[in-house]
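Notes for the structure review
So you can see what is in the structure, the chains are spelled out below.
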Amino acid sequence: MSVQDQVHRLLRPVRPWMVYALGTIPAALLMLRIFTGDLGVDPVKAIEHSLGLTALQLIVAGLCVTPLRRFAGLNLNRFRRQIGVLAFVYASLHLMVWVTLDLQFRWAEIGADLVKRPYIVIGMIAFLMLLPLALTSNNAAVRKLGAQRWQLLHLLTYPAALLAALHFVWLVKAWPLEPLLYMAAVVALLGLRVWVRQRRATATT
Amino acid sequence: MADRYTTNRLNSGLSWADVTPKEVFLNRRQWLAGSGAMALAATLPRQAQARIEAAKSRYSTDEAPNSFEDITSYNNFYEFGFDKTDPATHAGGLTISPWTVEIDGLVEKPGSYDLADLVKGMPIEERIYRFRCVEAWSMVIPWIGFELAALLNRVGVQPGAKYVAFTSLARAEEMPGVARGLLDWPYREGLRLDEAMHPLTILATGLYGEEMPRQNGAPIRLVVPWKYGFKSAKSLVRITLTDSQPPTTWNMMQPNEYGFYANVNPEVSHPRWSQASERRIGGLFAKRVDTIKFNGYGDQVASLYAGQDLAKDY
Ligand code: HEM
């Protein structure tokens, strides 16, 4: 039996709700670190960063599902919806921490940041793109929209991923490696799709 | 601007111990008259217990200092890495003795000064200052140090000098961020001469009554409390008096984001984030407070910039 088949067999008993349960682990670990005082002297930034990073990691993980099937024969499609919804949940928590613990409800400054600060604007656009995706991540919505329109809508994943990575690159001082690596991963994963599409197009003409 | 420099008085035969120029002294009295609240400083319960002999200073704020842990585990010191915990993790191996500081340029007594000689006889004070990072967080830090003016007077500033340039250590063997080339090393900063001569501007050699921790810029660093933190260059190896504005690291890298002056100013945003308020480091519910122009030192320093458009000279 191939490795892929073994993995598929191993994953067979995994129910979607279990993915959600797994998805609470980063949040639980974060809570633990908050209560044990393990987040250093500026826990607010640490929490904000950790939630943003988990959201971005989940977005990248979601983008891996299709190429894994296409190029590695590993089918994780069953879990894609949960990964996407979790990404949205972490992005929401990230946004909430920004409004509450970081900006502390200073609405004038929040409003100003939301229109003036490119990295905030970009993060917000990414978040607003994830919102309809999260709202339509249920069978009822798929039925109502029809598969084609639903798929079209979910193409928003791509610009959202790019903007989320750009948000990270833009907010740091100088050029640390980490944000660039995420950007590279997103660009590579999207590039792969473009490449596949082009190859298909040339194959059919 | 040059006509406002009274450089001549620096060479007017002041004795070695006579470190407080009269003009500065008058400044100080004026300022004191305006802030009776400072008298309370001495009665504060959280006053640091100085182990290094350091006189209390009227320039200290009466705000409660951040903890030693806050101050020594949350540092931007890119010579050791980009993360704020990198300096505390990686600075332990930094050799700080022997240490010499090169003083050159337009000075009467240029030379390579051994740190001990340089500090000897300086009037060491504790200065509890607010510290405002350009990233919109802040702390209150009980520095130990002496006025830069005292040192400049000792070495004698030549009449043509208009700026002071500072260079930090760049030692790849002991500094992983230097080895990895994170910035264009060595780190360089600069002040206009009147800023450098201002009594609030100090060379700090310690904090909380102890020798300067390595992650905070041991063994000697600049502290300019009315400017964003990056102006306060750490681990100084060179001080140069010049007649033209010296290039400074962040300004060279991103001139539209980091100006030469970098005075704390809530009215002038960093292009990427607001400077209207700051989070005072201190746990999960650390309060965000309004940022005050010149970091609250306006009474003492605003006059340095009379007639200057601070939105342009940011
Ligand atoms: C798809 C949505 C988003 C993703 C994936 C995301 C991701 C991230 C990441 C990865 C970081 C850096 C973490 C680190 O340094 O380790 C970050 C930082 C940050 N994000 Fe987001 N973000 C999103 C949306 C938003 C939104 C909507 C806002 C606010 C309106 C926001 C505000 C911030 C702030 C303030 C920081 C920290 C900046 C600092 O260090 O001061 N983000 N985000």
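Just so we're clear, the structure is a prediction, and the values are computed from it rather than from any experiment. (Residues numbered from 1 in each chain as written. Chains lettered and ligands numbered in written order. Predicted model: local features only at pLDDT ≥ 70, side-chain atom pairs only at ≥ 80, totals over all residues. Heavy atoms only, no water.)

**A closer look at the UniProt feature "domain: Ferric oxidoreductase" (unreviewed entry) in chain A**
As recorded in UniProt, the feature "domain: Ferric oxidoreductase" (unreviewed entry) lies at residues 53–164 of chain A. The distance separating the terminal C-alpha atoms of residues 53–164 of chain A is 10 Å; by composition the span is 83% helix and 0% strand. (UniProt positions renumbered as here; feature names shortened; annotations may be inferred. Helix = DSSP H or I, 4+ residues; strand = E, 2+ residues; numbered from the N terminus.)

**What about helix 5 (residues 107–116) of chain A?**
Every buried residue of helix 5 of chain A is listed here: A:Glu109, A:Ile110 and A:Asp113. Axial view of helix 5 of chain A: buried residues confined to an arc of 100°, hence all on one face. Residues A:Trp107, A:Ala108 and A:Val115 are exposed on helix 5 of chain A and point more than 90 degrees away from its buried face. Close packing links the buried residues of helix 5 of chain A with helix 4 (80–102) and helix 6 (118–135) of chain A together with strand 11 (277–280) and strand 12 (288–290) of chain B. (Buried < 20%, exposed > 50% of the residue type's maximum accessible area, 1.4 Å probe, protein only. Arc of directions from axis to C-beta. Contact = heavy atoms within 4.5 Å.)

**As for the packing of helix 3 (residues 43–72) of chain A against helix 9 (residues 157–171) of chain A**
Residues and elements named next belong to chain A. Contact geometry for helix 3 and helix 9: axes closest at 10 Å, N-to-C directions at 145°. Helix 3 and helix 9 meet at a crossing whose hand is left-handed. Mapping the contact onto sequence places Leu53, Leu56, Ile59 and Leu63 in helix 3 and Thr157, Tyr158, Ala161, Ala164, Ala165 and Phe168 in helix 9. Taken together, the residues of the contact of helix 3 with helix 9 sort by class into 9 nonpolar, 1 polar and no charged. (Axes fitted to C-alpha atoms, helices over the stretch in contact; angles between N-to-C directions. Left-handed = near helix turned anticlockwise from the far one by under 90°. Nonpolar A, V, L, I, M, F, W, Y, C, P; charged D, E, K, R; others polar.)

**Here's the deal with the interface of chain B and chain A**
Accessible area lost during the coming together of the parts is what is often quoted as the interface size. Tallying the contact residues gives 33 residues for chain B and 24 residues for chain A. When the two sides are added together, the surface that chain B and chain A hide from each other amounts to roughly 2,200 Å², 54% of it contributed by carbon and sulfur. Three residues stand out in chain B for area buried against chain A, namely B:Arg272, B:Leu284 and B:Arg288, and they jointly supply 33% of the buried area on that side. Counting the contacts that link chain B with chain A gives 4 salt bridges. (Buried area = accessible area lost by both parts, 1.4 Å probe. Salt bridge = Lys/Arg side-chain N within 4 Å of Asp/Glu carboxyl O.)

**Remarks on the sheet that holds strand 5 (residues 163–168) of chain B**
Residues and elements named next belong to chain B. Pairing in this open sheet of 5 strands is mixed, and the strands run 2-1-10-5-6 from one edge to the other. In the strand order of this sheet, the two ends are held by strand 2 (111–114) and strand 6 (188–192), each with one partner. Strand-to-strand, the axes of this sheet are offset by a mean angle of 20°, without reference to chain direction. The pairing of strand 1 (residues 100–105) with strand 10 (residues 236–242) spans 4 bridges and is classified as parallel. Of the residues in strand 10, the one forming a bridge with Glu102 is Arg238. (Pairing = 2+ DSSP bridges.)

**Remarks on the packing of aromatic side chains**
One pair of aromatic rings is described through two measures. These are the centre distance and the angle between the planes. Residue and element names in this part refer to chain A. For the structure shown, the criterion picks out 18 aromatic pairs over all chains. A ring pair is formed by Phe88 and Phe127, whose centres lie 5.4 Å apart and whose planes are at 15°; its orientation type is stacked. On the criterion of sequence distance, the pair formed by Phe88 in helix 4 and Phe127 in helix 6 is long-range, its members being 39 residues apart. Judged on exposure class, the residue Phe88 and its partner Phe127 are both buried. (Phe/Tyr/Trp six-rings, centres within 6.5 Å; stacked < 30°, edge-to-face > 60°.)

**Overview of the site of the ligand**
Residues and elements named next belong to chain A. Around the ligand sit 24 residues in total, of which Lys45, His49, His94, Trp98 and His167 are the nearest. In the model, an oxygen atom of the ligand is placed 2.7 Å from a nitrogen or oxygen of the His49 side chain. For the ligand, a nitrogen atom lies 2.8 Å from a polar atom in the side chain of His167. Mapped by element, the contributors of at least two residues to the shell around the ligand are helix 3, helix 4, helix 6 and helix 9. (Near = heavy atom within 4 Å. Polar contact = N/O pair within 3.5 Å; in protein donor to acceptor, adjacent residues only side chain to side chain.)

**What about the coordination of the iron atom of the ligand?**
All names here are of chain A. Bound to the iron atom of the ligand are the protein donor atoms His94 (NE2) and His167 (NE2), situated 1.9 to 2.0 Å from the metal. Angles of 85 to 179° at the metal separate the 6 donor atoms of the iron atom of the ligand, which places the site in the octahedral class. Of this pair, His94 sits in helix 4 while His167 sits in helix 9, and the two are 73 residues apart along the sequence. (Donors = N, O, S within 2.8 Å, 3.2 Å for Na, K, Ca; no water. Tetrahedral: all angles 85-135°; square planar, octahedral: opposite > 155°, others 65-115°.)

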